[in-house]
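# Understanding the architecture of this molecule
This is what each chain is made of:
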Amino acid sequence: MSVWDDLVGQEKVGEQLSAAARDADALVTAAAADAPPPEASKMTHAWLFTGPPGAGITQTARAFAAALQCVSPDRALGGVPGCGFCDGCHTALIGTHADVNTVAAVGTQILVDAMRDTVRKSFTAPANGRWQVILVEDAERLNEKSANAVLKAVEEPAPRTVWLLCAPSVEDVLPTIRSRCRHVNLRTPSVDAVADMLVRREGVEPAVAAAAARATQGHIDRARRLATDPAARERRAAVLKLPLRVDEIGGCLRGAQELVDAAADDAKALAEEMDAKEAEELKAALGATQGGRLPRGTAGVMKDLEDKQKRRRTRTQRDSLDLALTDLTGLYRDVLALQLGSRVAIANADVEDTLERLARGSSPESTLRRIEAIAACRDALDRNVAPLLAVEAMTVALRAG
């Protein structure tokens, strides 16, 4: 199974990146033989991957990174880089390759401190791989200082360094950075493509896979989680019942509290295991004694780790809330489709009774206002408004219609 099989519904993108990987392989081979580089290469030093949420932007960038590091002997026989089985591909895909460095936002921004070491690393030769690959998962979260650090590195890169930036759209990245990148735009995979992936890769029953893909409208990660995690299905079912519970103010406030609590519990569950592992690894690196006592002068390092983990929990909670709001938006979108007699496929067919009840009980204008209220809540969360206040304002607006 090649690395390009990870690109669900992105056949044209796969062809483009596969051609670039072949040219990148030729560049390395020519350099090793002290030969002139091939002409008209499709490879470049910086790439910008964009696309809608769930299209697999990061997975596509990581598949390309794996192809660049591919050491399969089949390449010498004309095989396409990116076999998926060799040590270079495998370690790049699971995130342990020494020459594939990943940067992701811990909180709401990628701080310059997180970029400095990475930028310095980008100017070094590959340790044991074919390329030095820098993968920035959340390029839209670069703040002014960290973006400037990236710009300097992208303007004058090392010969064997490749930058892979991932963002929702080109507008989310500084013009000076995106002008130096080759743009790869992904599209939302079809529902059928996502369902097929769930059946082939995850062993999900076809009916469950189809329902998950339809409910998430082609969002790969959400569909995988919904199809394989019963707890995720329970949380979604609870969210979709919210519009039926906002008939009075008490129901609005209770519903808001439950949404926020569920997001907090989700963040806590995801963070507990990771936080404990990071803390133990750092203590061991600092030379903690048998009883767990840290050497003198290292308390500040542990405090920095705790602050980082706190920011990550906050972001995880916001992401979990955003997922619930996305489900709510999809529900009201289906309600609006029923009210307008649209032939658009219903995403939430499993709660059709709820959709019909909401459609009969309100007008299309009210449904549009409710969708706007959900969007306003998401904007408020992006501005760091307290989650409970933002969600309470939304549920009250849902009641008013």
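Residues numbered from 1 in each chain as written. Predicted model: local features only at pLDDT ≥ 70, side-chain atom pairs only at ≥ 80, totals over all residues. Heavy atoms only, no water.

## Topic: the overall build of the protein
Put simply, the test is: Strands here are runs of E lasting at least two residues and helices are runs of H or I lasting at least four, both read from the DSSP assignment and numbered beginning at the N terminus. Our radius of gyration is a C-alpha quantity, and the globule rule it is checked against amounts to 2.2 Å times the number of residues to the power 0.38. Burial here depends on accessible area, computed with a 1.4 Å probe over protein chains only, as a share of the maximum for the residue type. Under 20% is buried, over 50% is exposed, and the range in between is partly exposed. When checking whether two residues touch, look at their non-hydrogen atoms; a contact exists if any pair is within 4.5 Å. Note that accessible areas follow from Shrake-Rupley with a 1.4 Å probe, and for residues the cover is restricted to the protein chains shown. Counted as positive: Lys and Arg. Counted as negative: Asp and Glu, with His and the chain ends omitted from the count. All charge positions are set by atom: Lys at NZ, Arg at CZ, Asp at CG, Glu at CD.
When you go through the protein residue by residue, the secondary structure sums to 15 helices and five strands. For the protein, whose C-alpha radius of gyration is 24 Å, the value lies close to the compact-globule estimate of 21 Å for 401 residues. C-alpha extents for the protein along the principal axes are approximately 75 × 60 × 40 Å. Within the protein, the proportion of its 401 residues that are buried is 45%. A fraction of 72% describes how many contacts in the protein between residues 6 or more apart in sequence connect residues 24 or more apart. Of the roughly 20,300 Å² of accessible surface on the protein, a fraction of 52% belongs to carbon and sulfur atoms. Charge-centre separation for the protein: the mean point of 51 positive side chains lies 3 Å from the mean point of 56 negative side chains.

## Describing the sheet that holds strand 2 (residues 100-103)
Applicable threshold: Strand pairing is defined by DSSP finding a minimum of two bridges between the two strands. Angles shown run from 0 to 180 degrees and are taken between the N-to-C directions of axes, each axis being a line fitted to C-alpha atoms and, for helices, limited to the stretch in contact.
What the five strands build is an open sheet, ordered 2-3-4-1-5; its pairing is parallel. Two strands bound the open sheet, and with one partner strand each, they are strand 2 and strand 5 (182-185). Each neighbouring strand pair of the sheet contributes to a mean axis angle of 20°, computed without reference to strand direction. Examined bridge by bridge, strand 1 (residues 46-50) and strand 4 (residues 161-167) share five bridges and lie parallel to one another. Within strand 4, the position partnered with Trp-47 by the bridge is Leu-164.

## Observations concerning a nonpolar patch on the surface
Stated precisely, the cut-off is as follows: Each patch groups residues whose relative accessible area exceeds 30% and which form no salt bridge, using 9 Å between like charges and 5 Å between nonpolar side chains of Val, Leu, Ile, Met, Phe, Trp and Tyr. Only one rule defines a salt bridge in this text: a Lys or Arg side-chain nitrogen within 4 Å of an Asp or Glu carboxyl oxygen.
On the surface, a cluster of nonpolar side chains totalling about 210 Å² of accessible area is made up of Ile-249, Leu-253 and Val-396. Locating Ile-249 in the fold gives a position in helix 11 (residues 249-286).

## Regarding the packing of aromatic side chains
For clarity, the cut-off: Whether two aromatic rings pair depends on their centres lying within 6.5 Å, for rings of Phe, Tyr and Trp, where Trp uses its six-membered ring; planes under 30 degrees apart make the pair stacked, over 60 edge-to-face, and the rest tilted.
Enumeration according to the criterion identifies two aromatic pairs in this entry. Here Trp-47 and Phe-64 contribute two aromatic rings whose centre-to-centre distance is 5.0 Å and whose plane-to-plane angle is 70°, an arrangement assigned as edge-to-face. Highlighted residues: Trp-47 in strand 1 and Phe-64 in helix 2 (residues 57-68), separated in sequence by 17 residues. Of the two residues, Trp-47 and Phe-64, neither departs from the other in class, the shared state being buried. Joined through ring pairs, the aromatic side chains of Trp-47, Phe-49 and Phe-64 make up one cluster.

## Brief notes about the side chain of Arg-370
Note that Arg-370 resides in helix 14 (residues 364-382). It turns out Arg-370 is buried and unbridged, and the closest side chain with the opposite charge, Asp-247, is 7.4 Å from it. Setting aside residues up to four positions removed in sequence, Arg-370 forms contacts with Tyr-332, Ser-362, Leu-398, Arg-399 and Gly-401.

## Comments concerning the environment of Ala-212
Examined against the element boundaries, Ala-212 turns out to sit in helix 8 (residues 206-216). C-alpha of Ala-212 to C-alpha of Ala-227: the two residues are 15 residues apart in sequence and 5.6 Å apart in space. Setting aside its immediate chain neighbours within four residues, Ala-212 contacts Leu-198, Ala-223, Leu-226 and Ala-227.

## Structural notes on the nonpolar core
Heads up, the condition is: Grouping buried Ala, Val, Leu, Ile, Met, Phe, Trp, Tyr and Cys residues that are joined through side-chain atoms within 4.5 Å yields what is termed a nonpolar core.
The biggest cluster of nonpolar side chains holds 35 residues, and the ones touching the most others in it are Trp-47, Phe-49, Phe-64 and Leu-164. Listed by contribution, the elements that provide at least two residues to this core are helix 1 (11-32), strand 1, helix 2, helix 3 (87-94), strand 3 (132-136) and strand 4. Broken down by element, this core gets its largest block of residues, eight residues, from helix 2. Judged by nonpolar contacts, the second largest core, of 23 residues, contains Ala-139, Val-150, Trp-163 and Cys-181.

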